[in-house]
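# Tertiary structure, described
So the chains spell out like this:
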Amino acid sequence: MGETMPDSGDDPGLQAVAGAALELVADGARVGLGSGRAASAFVVQLGARVREGLRVTGVPTSDATARLARAAGIALVDLDGDAELDLTVDGADEVAPGLDLVKGWGGALVRERIVASTSRRQVILVGREKLVRMLGERGRIPVEAVPFAAGPVSRALKALGLTPALRTDPAGGRLLTENGNVTLDCRPATPLADGTAARVLEAAVLAIPGVVDTGLFLGTAERVLVGYPDGRVETLLRGGAAGGDSRETSAP
Ligand code: A5P
């Protein structure tokens, strides 16, 4: 993937949400392990629990996470067989009301999608800077595409009103994902007005030949744990009483 796993050790908010996510992991659980700083904080803390005797198996969403999990002592398995994962713990780049997400700034969105789709619960860990009113506010919605189709996919994305930029490595060449694909980071002309607009865009992008997947994760997150610098954790739950969301906050 060409991107290294960033260090989350000095971020009290991410450490706090990682600790809160641990409480959702039962003995014997099969756990999807996300990618990025927040997910890394979780993997490291999960490894500490494993060394204390917790029995879990993990399915990593990137090579960097696999390396980190192995070093932490977590047993890794493939997605073979019929068994679902109990939960996946991952990060996100944007969280909108309704818990729709943008993911993939770290380059692992396809495996993150696959692992989340085979999990009963997707738990997302973020700092407060990831909370947005509308998806696209932070300016990048990643789209992974087959390299052969990069040109036509780019033109089709422009026709949808997006401004795509090919993700590059430090030498200026195409940065390939672990699946051997390119990523087009798409800036929308304006943020997506609501969940309906996000779903319309998702369907249009997925219909372009050569597109593998998008960073729009719509309706997948069961909960989002938001970490604050003082160690507080806010829990946002999808599908509260009137179909809305509910939230609760725990003290540091
Ligand atoms: C990786 O492809 C992404 O989806 C990450 O989950 C996302 O970029 C969040 O990463 P951080 O926790 O490092 O911000």
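Our structure is the block above this text.
What comes next is a walk through the structure. (Residues numbered from 1 in each chain as written. Predicted model: local features only at pLDDT ≥ 70, side-chain atom pairs only at ≥ 80, totals over all residues. Heavy atoms only, no water.)

### Some details on the sheet that holds strand 8 (residues 141-145)
- Pairing is antiparallel in the open sheet, where 4 strands are placed in the order 9-10-8-11. The open sheet has two free edges, formed respectively by strand 9 (162-166) and strand 11 (211-214), since each of these has just one partner strand. Going from strand to strand, the sheet's axes swing by 30° on average, the running direction of each strand aside.
- The sheet strands contacting helix 5 (residues 150-159) are strand 8, strand 9, strand 10 (182-188) and strand 11, and the helix crosses strand 10 at an angle near 10°. (Pairing = 2+ DSSP bridges. Helix = DSSP H or I, 4+ residues; strand = E, 2+ residues; numbered from the N terminus. Axes fitted to C-alpha atoms, helices over the stretch in contact; angles between N-to-C directions. Contact = heavy atoms within 4.5 Å.)

### Looking at the nonpolar core
- With 27 residues, the main nonpolar core has Val25, Phe42, Leu46, Val56, Ile74 and Leu125 as its most contacted residues.
- Within the residue set of this core, elements represented by two or more residues are helix 1 (12-22), strand 1 (30-33), helix 2 (37-51), helix 3 (63-72), strand 4 (87-90) and strand 7 (122-127).
- Every residue in contact with leucine 125, bar those within four places of it in the chain, is listed here: Val17, Ala18, Ala21, Ala38, Phe42, Val89, Asp90, Gly91, Ala92 and Leu225.
- Core analysis: the second largest hydrophobic core is formed by 24 residues, Ala96, Ala145, Val153 and Leu157 among them. (Core = buried A, V, L, I, M, F, W, Y, C linked by side-chain atoms within 4.5 Å. Buried < 20%, exposed > 50% of the residue type's maximum accessible area, 1.4 Å probe, protein only.)

### Things to note about the site of the ligand
- Near the ligand lie 17 residues; those nearest to it are Arg37, Asp93, Gly104, Glu112 and Lys130.
- Between the ligand and the protein, one listed contact pairs an oxygen atom with a side-chain N or O atom of lysine 103 at 3.0 Å.
- Across the complex, the protein chains shield 91% of the 380 Å² of accessible surface that the ligand would expose by itself.
- Elements supplying a minimum of two residues to the shell around the ligand: helix 2 and helix 4 (109-117).
- Looking at side-chain class alone, the shell around the ligand contains 5 nonpolar, 6 polar and 6 charged residues. (Near = heavy atom within 4 Å. Polar contact = N/O pair within 3.5 Å; in protein donor to acceptor, adjacent residues only side chain to side chain. Areas by Shrake-Rupley, 256 points an atom, 1.4 Å probe, with all protein chains shown as cover. Nonpolar A, V, L, I, M, F, W, Y, C, P; charged D, E, K, R; others polar.)

Keep in mind that these numbers describe shape and distance, not what the molecule does.
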